Amino acid sequence: MEKQVLIYDTTLRDGTQGEQISFSAEEKLRIAQKLAGLGIQYIEGGWPGSNPRDMRFFRMAQEANFETTRLTAFGSTRRANIAADEDPNLKALLEANTPATTIFGKSWDLHVTEILGVPLEENVAMIVDSVAYLKSKGKEVIYDAEHFFDGYKANAEYAMKTIQAALSGEADIIVLCDTNGGTMVSDLRQIVEEVRDSLPGRRLGIHVHNDCGLAVANSLAAVEAGAILVQGTINGYGERCGNADLISVIANLQLKLGKKCLDDFKIMRLTEISRYVSDIANIPPLNESPFVGRSSFAHKAGIHVSAIAKNPLAYEHIEPGAVGNKRRVLVSDLSGKSNIEYKANEMGLTLGGNGYDSKKIVTEIKRMEDQGYQFDAAEGSLELLMKKTTGQFKEPFSLLSLRVINEKNKVGGSISQATIKISVNEEEEINAAEGNGPVNAIDNALRKALSKFYPRINEMRLVDFKVRVLEGSAGTGARVRVLIESRDGTDIWNTVGVSENIIEASWQALVDSIYFKLSKDQNEGPHAA
Ligand SMILES: [Zn+2]
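Residues numbered from 1 in each chain as written. Predicted model: local features only at pLDDT ≥ 70, side-chain atom pairs only at ≥ 80, totals over all residues. Heavy atoms only, no water.

Looking at the overall build of the protein chain
Working step 1: Summing up its helical and strand segments, the protein chain has 18 helices and 16 strands in all.
Working step 2: Judged by the C-alpha coordinates and their principal axes, the protein chain covers about 85 × 60 × 50 Å.
Working step 3: Of all 529 residues assigned to the protein chain, the portion counted as buried reaches 53%.
Working step 4: A separation of at least 24 residues holds for 67% of the contacts in the protein chain among residues at least 6 apart in sequence.
Working step 5: Summed over all atoms, the accessible surface of the protein chain reaches about 23500 Å², with 48% contributed by carbon and sulfur.
Working step 6: Averaging the positions of the 60 positive and the 71 negative side-chain charges in the protein chain gives two centres separated by 4 Å. (Helix = DSSP H or I, 4+ residues; strand = E, 2+ residues; numbered from the N terminus. Buried < 20%, exposed > 50% of the residue type's maximum accessible area, 1.4 Å probe, protein only. Contact = heavy atoms within 4.5 Å. Areas by Shrake-Rupley, 256 points an atom, 1.4 Å probe, with all protein chains shown as cover. Lys, Arg positive; Asp, Glu negative; His and termini not counted. Charge placed at Lys NZ, Arg CZ, Asp CG, Glu CD.)

Considering the coordination of the zinc ion
Working step 1: Looking at the zinc ion, the protein donor atoms are Asp 14 (OD), His 207 (NE2) and His 209 (NE2), and they sit 2.0 to 2.2 Å from it.
Working step 2: Considered as a linear motif, the donors of the zinc ion on their single chain read D-x192-H-x1-H. Of the two residues, Asp 14 is situated in the loop between β1 (6-9) and α1 (25-38) and His 209 in the loop between β7 (204-208) and α9 (215-224); the sequence distance between them amounts to 195 residues.
Working step 3: You can call His 209 buried: its relative accessible area is 5%. (Donors = N, O, S within 2.8 Å, 3.2 Å for Na, K, Ca; no water.)

Some details on the sheet that holds strand β5 (residues 140-146)
Working step 1: Strand order around the closed barrel formed by 8 strands is β1-β2-β3-β4-β5-β6-β7-β8, with parallel pairing between neighbours. When strand polarity is set aside, the average angle formed by the axes of neighbouring strands in this sheet is 25 degrees.
Working step 2: With 4 bridges connecting them, β1 and strand β8 (residues 229-232) associate as parallel partners. For Asp 9, the partnering residue across the bridge sits in β8 and is Gly 232.
Working step 3: Across the sheet, helix α7 (residues 156-168) touches β4 (100-106), β5 and β6 (173-178), and the angle it forms with β6 is around 150 degrees.
Working step 4: With respect to the sheet, α9 is in contact with β6, β7 and β8, its orientation differing from that of β7 by roughly 170 degrees. (Pairing = 2+ DSSP bridges. Axes fitted to C-alpha atoms, helices over the stretch in contact; angles between N-to-C directions.)

Thoughts on the packing of helix α14 (residues 337-347) against helix α15 (residues 356-371)
Working step 1: As a packed pair, α14 and α15 sit with axes 9 Å apart at the nearest point and diverge in direction by 110 degrees. Considering the angle they form, α14 stands roughly perpendicular to α15. On α15, the residues touching Lys 337, Ile 340 and Glu 341 of α14 are Ser 358, Ile 361, Val 362 and Ile 365. (Parallel < 35°, antiparallel > 145°, perpendicular 65-115°, else oblique.)

Thoughts on the side chain of Thr 183
Working step 1: Of note, Thr 183 is situated in the loop between β6 and α8 (185-198).
Working step 2: With relative accessibility at 0%, the residue Thr 183 sits in the buried group.
Working step 3: Discounting chain neighbours no more than four positions away, the residues touching Thr 183 are Phe 149, Lys 153, Asp 178, Leu 188, Leu 214 and Asn 218.

Focus on the sheet that holds strand β16 (residues 492-499)
Working step 1: Reading across from one edge, β14-β15-β16 is the order of the 3 strands in this open sheet, with antiparallel pairing throughout. Each edge of the open sheet carries a strand with a single partner, namely β14 (461-469) and β16. The sheet shows a mean angle of 20 degrees between the axes of neighbouring strands, direction not considered.
Working step 2: Of the strand pairs in this sheet, β14 and strand β15 (residues 480-487) are connected by 8 bridges, and their pairing is antiparallel. By the bridge assignment, Arg 461 is partnered in β15 with Arg 487.

Observations regarding the environment of Gly 435
Working step 1: By the secondary structure assignment, Gly 435 is in strand β13 (residues 427-435).
Working step 2: Once the C-alpha coordinates of Gly 435 and Gln 417 are considered, the two residues, 18 residues apart in sequence, prove to be 6.4 Å apart.
Working step 3: The residues touching Gly 435, leaving out its near neighbours within four places in the chain, are Ile 415, Ser 416, Asn 440, Ala 441 and Asn 444.

Observations regarding the pattern of salt bridges
Working step 1: Taken as a whole, this structure holds 39 salt bridges when the rule is applied.
Working step 2: Of the charged contacts, one joins Glu 224 and Arg 189 as a salt bridge, the two residues approaching to 3.5 Å between their closest N and O atoms. Taken together, the residues span a long stretch of sequence, with Glu 224 in helix α9 and Arg 189 in helix α8 at a distance of 35 residues.
Working step 3: Across the salt bridge formed by Arg 240 and Asp 211, the nearest N and O atoms sit 2.7 Å from each other. Here Arg 240 is found in the loop between β8 and α10 (246-256), whereas its partner Asp 211 is found in the loop between β7 and α9, with 29 residues between them in sequence.
Working step 4: Classification of Arg 240 as partly exposed rests on a relative accessible area of 49%.
Working step 5: Here the salt bridges do not stand alone but share partners, grouping Arg 456, Glu 459, Asp 488, Asp 491, Lys 517, Lys 520 and Asp 521 into one network. (Salt bridge = Lys/Arg side-chain N within 4 Å of Asp/Glu carboxyl O.)

Digging into the state of the cysteines
Working step 1: This model, assessed by the stated rule, comprises 0 disulfides.
Working step 2: With no disulfide partner, Cys 261 has as its closest neighbouring cysteine sulfur the one in Cys 177, 19 Å distant.
Working step 3: Taking relative accessible area as the criterion, Cys 261 reaches 0% and is therefore assigned buried. (Disulfide = S-S within 2.5 Å.)

Focus on the pairing of β6
Working step 1: Summarising burial for β6: 6 of the 6 residues are buried, a large majority.
Working step 2: Both faces of β6 are covered, namely the face carrying Ile 173, Val 175 and Cys 177 and the face carrying Ile 174, Leu 176 and Asp 178.
Working step 3: Here β5 pairs with β6 via 4 bridges, running parallel. What sits directly across from Tyr 143, in β6, is Ile 174.
Working step 4: Here β6 pairs with β7 via 5 bridges, running parallel. Bridge assignment links Cys 177 to a residue of β7, and that residue is His 207.

Observations concerning the nonpolar core
Working step 1: Counting residues in hydrophobic clusters, the biggest one holds 88 residues, and the most contacted among them are Phe 148 and Leu 270.
Working step 2: Once residues within four sequence positions are removed from consideration, Leu 270 is found in contact with Leu 38, Ile 247, Ile 250, Ala 251, Leu 262, Val 292 and Val 323.
Working step 3: Among the nonpolar cores identified, the runner-up in size contains 31 residues, and Phe 393, Leu 446, Trp 507 and Tyr 515 belong to it. (Core = buried A, V, L, I, M, F, W, Y, C linked by side-chain atoms within 4.5 Å.)

Some details on the confidence of the model for the protein chain
Working step 1: Per-residue confidence for the protein chain averages 92 on the pLDDT scale, and 97% of its residues sit at or above 70.
Working step 2: Per-residue pLDDT stays below 50 along residues 523-529; that stretch engages in 13 contacts with residues further than four places along the chain or on separate chains. (pLDDT = per-residue confidence, 0-100.)

Have a look at this one:
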């Protein structure tokens, strides 16, 4: 089947307008190559006229292979009152040496006269000249009509005139932008339909922001009204409330509306792509993200779990594997036996005694959650608890002693040292390490001690560490819950510890994390090198 909707990714340009989002040129290249592997049709690499980093990216990109993906450079129309071939911004666009270029121009009369301070006719000339100039240089030109929907509502005639200008310069695709993200779905759909009807045979695209939480809905509505290209960003990164999240856009278009964007088997990489980009952006993935979040197919209520055990369709809108995600069954003190049995089955754990074991596990979970543990957020610890409760866990090491020293000096610097003594198969090992905090020092010392016995321990790293005070009234003497997220090359897992002592709580979560890793790799025994 032919691709029905072209996907245009602007994570590397509009996405970096988001708070806390910044990519180096090298990181941009890695993301671009990943997206090219997915078969995204256009990747906007940056604004070469606005900063040297983006120019560097475009230079590096020339050496790279983007398969069928077209790389595009972004910039504005020429400045007022100069010739297109003298405009430094258009020059930079050509220097980027991409097959396609995207330029934006003003569609809203308010922006032209009040913000830009240019006569309405000059703005129209700026659009025609710039598009025609880039076309004369052999580029595919995508024209972004900035503020189009607001402009159309204020002065439809002028907004249409700016688009006609881009078309008379022979722009290949006209992208209607809801730059302020304030347009309602019904208005947006109607305007796209009107533009479509007045420009028969022209190719239209859509670019929307998420200020009303409608970016994905608006993108889908535009496609239904005739747009053939959707601009957006991975995970919806972007200025203010973000752009349209391409992950949701693609999944909805292809799986719900039957409009092909990617090859079928590549849709199954959406979860991986979402996490890859969030990893490079260093923004923790949102659990509740549609389709690709950790919680997207997580079931907690006992009734739901017993239903999905019969038929997953009972509480799932699609099969999680369709987007590369996984079903998860959560266990907490609200859970019944069916959650435990489902989980045990998933882990390959045999429960005995006709429900005796699962009852024992539920009782243990209730007792521990009453103390402040939280297992639906710590599945690693839950697995260990289930194995321990049913006598199917043997500790891969045990702690003999641990000492942590914190030193803080006058100039504000601080350093922690941990000394640890453990035993593995009756062999004792003692080690010391420093860290930039007590938990880091313990982690380093413990790994050093264990790596001799379990070399694969070096594959794992801690990626998140959260501390929450459980009872407010006791102040610094309160009980705390520590949640640790760890990962290796293949998995992510969470573990939990609870104590009045933050070091003790951290220790529990840390040890569970390592136990989990070791029991995952259990084929590799002690002294395997
Ligand atoms: Zn934008």
